[in-house]
Amino acid sequence: MEKSSSNETQTLTSKKELLDCTEGEDCQENGLLVHPSHGDKGEAGQISNGYSVVQSPVPCNGIGDGEDVQCTAPAATTTTTTTTSTTCGVEAQPQLLELEERETWSKKMDFLLSVIGYAVDLGNVWRFPYICYQNGGGAFLIPYTIMAIFGGIPLFYMELALGQYHRNGCISIWRKICPIFKGIGFTICIIAFYIASYYNTIMAWALYYLISSFTSELPWTSCKNAWNTVNCTNYFTNASITWTPHSISPAEEFYTRHVLQVQRSKGLDDLGGISWQLTLCLLLIFTIVYFSIWKGVKTSGKVVWVTATFPYIILFILLIRGATLPGAWRGVVFYLKPDWQKLLATEVWVDAAAQIFFSLGPGFGVLLAFASYNKFHNNCYQDALVTSTVNCMTSFVSGFVIFTVLGYMAEMRNEEVSEVAKDTGPSLLFITYAEAIANMPASTFFAIIFFLMLLTLGLDSTFAGLEGVITAMLDEFPHVWGKRREWFVLGLIIACFLGSLSTLTFGGAYVVKLFEEYATGPAVLTVVFLESIAVAWFYGINQFCSDMKEMLGFTPGWYWRLCWVAISPIFLLFIICSFMSSPPDLRLFDYNYPYWTTIVGYCIGTSSVICIPIYMAYRLIITPGTFKERILKSITPETATEIPFGDIRMNAV
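No experiment lies behind these values; they were computed from the predicted model shown. (Residues numbered from 1 in each chain as written. Predicted model: local features only at pLDDT ≥ 70, side-chain atom pairs only at ≥ 80, totals over all residues. Heavy atoms only, no water.)

A. A look at the packing of aromatic side chains. Applying the stated criterion across every chain, the model contains 57 aromatic pairs. Here phenylalanine 286 and phenylalanine 497 contribute two aromatic rings whose centre-to-centre distance is 6.2 Å and whose plane-to-plane angle is 85 degrees, an arrangement assigned as edge-to-face. With phenylalanine 286 in helix H6 (residues 276–293) and phenylalanine 497 in helix H17 (residues 485–499), this residue pair connects regions lying 211 residues apart in the sequence. According to the relative accessible area criterion, phenylalanine 286 is buried, its value standing at 2%. A relative accessible area of 17% means that phenylalanine 497 is categorised as buried. (Phe/Tyr/Trp six-rings, centres within 6.5 Å; stacked < 30°, edge-to-face > 60°. Helix = DSSP H or I, 4+ residues; strand = E, 2+ residues; numbered from the N terminus. Buried < 20%, exposed > 50% of the residue type's maximum accessible area, 1.4 Å probe, protein only.)

B. Representation of the state of the cysteines in the model. For the structure on display, the rule yields 1 disulfide. Here cysteine 223 pairs with cysteine 232 through a disulfide, and the sulfurs are 2.0 Å apart. Taking the torsion about the sulfur-sulfur bond, which here is approximately -75 degrees, the covalent link between cysteine 223 and cysteine 232 counts as left-handed. Residue class for cysteine 223 comes out partly exposed when judged on its relative accessible area of 26%. (Disulfide = S-S within 2.5 Å.)

C. Layout of the side chain of threonine 623. Checked against the element boundaries, threonine 623 lands in the loop between helix H22 (611–622) and helix H23 (627–635). Overall, the relative accessible area of 9% leaves threonine 623 in the buried class. There is a polar contact of 2.6 Å between the side chain of threonine 623 and the backbone oxygen of arginine 619. Leave out the neighbours within four places in its chain, and threonine 623 touches Arg630, Lys633 and Ser634. (Polar contact = N/O pair within 3.5 Å; in protein donor to acceptor, adjacent residues only side chain to side chain. Contact = heavy atoms within 4.5 Å.)

D. How the structure looks around helix H19 (residues 521–552). For H19, with 32 residues, the first-to-last C-alpha span of 33 Å runs short of the 46 Å given by 1.5 Å per residue. Considering bend angle alone, the principal kink of H19 is centred on glycine 540 and spans about 100 degrees. The element H19 is largely enclosed, with a buried count of 24 among its 32 residues. (Expected span 1.5 Å × (residues − 1). Bend = angle between axes of the 7 residues up to and from the residue.)

E. Spotlight on the confidence of the model for the chain. Averaged over all residues, the pLDDT of the chain is 80; the fraction at 70 or higher stands at 81%. Confidence, expressed as mean pLDDT per element, reaches its minimum in the chain at strand E5 (residues 642–645) with 36 and its maximum at H22 with 95. Below a pLDDT of 50 lies the segment residues 1–99, which in the model reaches 190 contacts outside its immediate sequence neighbourhood of four places, other chains included. This model gives residues 640–653 a pLDDT under 50, and the stretch forms 46 contacts once residues within four places in sequence are excluded. (pLDDT = per-residue confidence, 0-100.)

Structure representation (structure tokens):
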């Protein structure tokens, strides 16, 4: 390790030096700021940049003859990381071990592109435009901006700062913040598994479309295929054909009857067989994911230079193309025309809060993991503002990309834009947008780049989600997986693939919809709510701001403090209560979800969150002392007696 002015690269060597520190003060040793231990006994302290040191036994006679004679100290004495008991009254000889430095990003842009790639996903393209026009068009931008300023961005910034300062994944970081909340980390890992089990299936659909696009005539432009029905109506090829309520476009039948094959399933109680075509597509997706993340952020940081930048190139091309289509202006007017009355409706503000939260993505462990690989003094404040702004602007611009095409569709069908824009979620991309592309000049080219864009949007979000789990498990169990990252990643990928099998059935789209609504939403909201409470109220807002001053050189202002202490938790509680009070009424295509699926959905969501109270109970049971003492010890940041760093285990003496 080379010596540098940065704390991350300071060499830890053994040397004999008299430390002149008073109790309760920070000690400066070898260029590193060392904090006093917070425990009741002399335990290994933590150095501010994430490293740790241990003491060698020091004989009380001060000779240092190597005898295994320990110094004793009164129980009330507080010791620091590098000083021995004050009862010896002699010069200390700390043994500072050289530690394996934590992996860091090769370049700052690797980190920024990874965070942007994670935050900007498929939801930016389909969810924001739909929610925007549904909730008042241009008027929706007011609650969206307010919720971003007072809820989304402060939480985004908080997670980046926590990860960068403590340099741990979402499980082990709680030892340094509030140990009783460690169950949050396990909850995040389960949620990430659920997401990987359905999110990648949507990418498999996109890959199937991409492969099908390599033809002179796109297969969803004709009604003469084996999967088409008598209701198939291709109004683009024949202007005399009238669009009726029973008409089905060839793009819709390609999606529902050929790609998904939902006609072969009766619903969630009879999913049917597994589609081998989609299974092969998903297998290829997971293979790409594995070889992109198996070596760590050094490799994934290079891959995102393609997966995070390519969508912006394609969005720009599609925006220019959409703006030149006949009727495009109708779509733009429909998208942005403000309905000020909507601002009086509570659900509009709930949708705005939910959209900005799920778009920025705190609570999934990803921001903690990515930031933990930063340099200690990296300006994560600037990073938070830049990446969150890019994410919000991408959502807004995506609306123009989508609605220029919807205006074109309305012009061709001679209908209102509201009639054309009924499709939501993936259907907006795989039916409406695919149909519009198919009837453009150079349709094959635009289809290929569009579905490539969907793939790249999804891939870097998958990289990020799984990296959050990988970092958490490797930090928590370094001696088991520290040198076996490739095998752990392989096992995780296989588990996610097996977990996806139900979404690959003929009724798999129904499973995807169920997981999307219940497995992530309320659970992640609960995670971030408890996380914000733990940091602001248990760890302490003053301690958190002190950490940030040490790391960034400045203390967060009153606005950030107020958001972390009160506004952001209230913001989250507001969304949680809205979700719980009115569970979504699920419907997909012509299938209405039966009532029992609501119960199943809540069970899926609860299966991850249950880790939090279970770990709290476990922690209180194993902690010695009276009940009050157990509570106090469980909410006090612990300085572990055994702190893992790669192959080295640091034992306090």
